[in-house]
Amino acid sequence: MPFNRVDYFLSQDNIPSFCDPNTYELYRSVISQNNGSNTLMPLLDCVKAFFVESKIGNNWYSSTSNLTPNIINSQTQLIKVFILKQSSKYSNSIISTNNIPVGDGDVGTLYNFKPSGIDSHYEWKVIKMTIKPMNIGQNQ
């Protein structure tokens with residue numbers, strides 16, 4: 001392994017009791033180049049959905065698996081992260097059944113979440129992050 005690898009993933013292992021049972025914990029996993037060990041770090045509780053979009057060249061990609069490392073490294077311009085997250089504790093009353101779109105004008109709507117059942121007893125919010133990579137995409 002010539003580099004440290006970092007993965008982000010959702011897991012329902014050990015989610016706190018105050019979370020909607022239909023949510024996940026967002027984890028960061030680092031695989032060491034020295035010995036292959038895997039270090040897990042929980043980042044965010046009560047996550048319903050997690051999306052990453054990359055602008056490479058003039059196109060947005062939800063997956064870069066069909067692109068070469070050279071294209072990714074030389075042409076990545078922006079990375080956008082969208083997280084749909086529970087933002088309240090459980091309420092005995094229904095809080096919202098309104099549709100919550102996840103995405104923006106650049107990448108479009110990635111997911112439409114309409115709280116129903118137990119999900120409607122929580123408040124929800126979308127966290128959006130835009131990252132301009134400093135160590136890749138230098139040809140742009």
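Structural data are supplied above this passage.
Cut-off values and rules
- Residues numbered from 1 in each chain as written.
- Predicted model: local features only at pLDDT ≥ 70, side-chain atom pairs only at ≥ 80, totals over all residues.
- Heavy atoms only, no water.
- Helix = DSSP H or I, 4+ residues; strand = E, 2+ residues; numbered from the N terminus.
- Buried < 20%, exposed > 50% of the residue type's maximum accessible area, 1.4 Å probe, protein only.
- Contact = heavy atoms within 4.5 Å.
- Areas by Shrake-Rupley, 256 points an atom, 1.4 Å probe, with all protein chains shown as cover.
- Lys, Arg positive; Asp, Glu negative; His and termini not counted.
- Charge placed at Lys NZ, Arg CZ, Asp CG, Glu CD.
- Disulfide = S-S within 2.5 Å.
- Core = buried A, V, L, I, M, F, W, Y, C linked by side-chain atoms within 4.5 Å.
- Salt bridge = Lys/Arg side-chain N within 4 Å of Asp/Glu carboxyl O.
- Phe/Tyr/Trp six-rings, centres within 6.5 Å; stacked < 30°, edge-to-face > 60°.

### Digging into the overall build of the protein
The number of helices and strands found in the protein is one helix and eight strands. Mapped from its N terminus to its C terminus, the protein presents α and β elements in the order β-β-β-β-α-β-β-β-β. Counting only C-alpha atoms, the protein reaches 55 × 40 × 25 Å along its principal axes. Counting every position in the protein, which comprises 140 residues, the buried fraction comes to 33%. Long-range contacts, defined as pairs at least 24 residues apart, comprise 60% of the intrachain contacts of the protein with a sequence gap of at least 6. When the accessible area of the protein is evaluated, it comes to approximately 8,500 Å², of which 48% is carbon and sulfur surface. Side chains of the protein give 11 positive and 10 negative charges; the mean places of these two sets differ by 6 Å.

### So, the state of the cysteines
For the coordinates displayed, the defined rule picks out one disulfide. Covalently, Cys19 is tied to Cys46 through a disulfide, its sulfur atoms 1.9 Å apart. Classification of the bridge connecting Cys19 and Cys46 rests on its S-S torsion, roughly -80°, and on that basis the disulfide is left-handed. In this pair, Cys19 sits in the loop between strand 1 (5-11) and strand 2 (24-31) while Cys46 sits in strand 3 (residues 38-56), placing the two residues 27 residues apart along the sequence.

### So, the nonpolar core
With nine residues, the main nonpolar core is built from Ala49, Phe82, Leu84, Ile100, Val102, Val107, Phe113, Tyr122 and Trp124. Those elements that place two or more of their residues in this core are strand 5 (76-86) and strand 6 (100-104). Dropping the residues within four chain positions of it, Val102 is found in contact with Phe51, Phe82, Leu84, Gly108, Thr109, Leu110, Tyr111 and Val126. Leu26, Val47, Val81 and Ile83 belong to the second largest nonpolar core, which has six residues in total.

### Digging into the pattern of salt bridges
For the coordinates displayed, the defined rule picks out three salt bridges. A salt bridge links Lys80 to Asp104, with the shortest nitrogen-to-oxygen separation between them at 2.6 Å. With Lys80 in strand 5 and Asp104 in strand 6, this pair connects stretches of sequence that are 24 residues apart. Among the residues examined, Lys80 registers a relative accessible area of 6% and is labelled buried. Across the salt bridge formed by Lys80 and Asp106, the nearest N and O atoms sit 2.6 Å from each other. Note that Lys80 is positioned in strand 5 and Asp106 in the loop between strand 6 and strand 7 (108-113), a separation of 26 residues in sequence. The network of salt bridges with common partners includes Lys80, Asp104 and Asp106.

### Some points on the packing of aromatic side chains
Pairs of aromatic rings are described using the distance from one ring centre to the other and the angle between the two planes. Taken as a whole and judged by the stated rule, the model has six aromatic pairs. Between Phe9 and Tyr27, the aromatic rings sit 5.5 Å apart at their centres with planes inclined by 10°, giving stacked as the arrangement. Remark: Tyr27 occurs in strand 2 and Phe9 occurs in strand 1; sequence separation between them is 18 residues. On the numbers, 5.9 Å between centres and 40° between planes, the contact of Phe51 with Tyr111 is tilted. Remark: Tyr111 occurs in strand 7 and Phe51 occurs in strand 3; sequence separation between them is 60 residues. Here the aromatic residues Phe51, Tyr90, Tyr111, Phe113, Tyr122 and Trp124 are joined through ring pairs into a cluster of three or more.

### What about unusual backbone geometry?
Non-glycine residue Asn14 carries a positive phi angle of around 60°. Structurally, Asn14 can be placed in the loop between strand 1 and strand 2. The phi angle at Cys46 is positive, at roughly 60°, despite the residue not being glycine.

In short, the description is geometric, and any link to function would need to be established separately.
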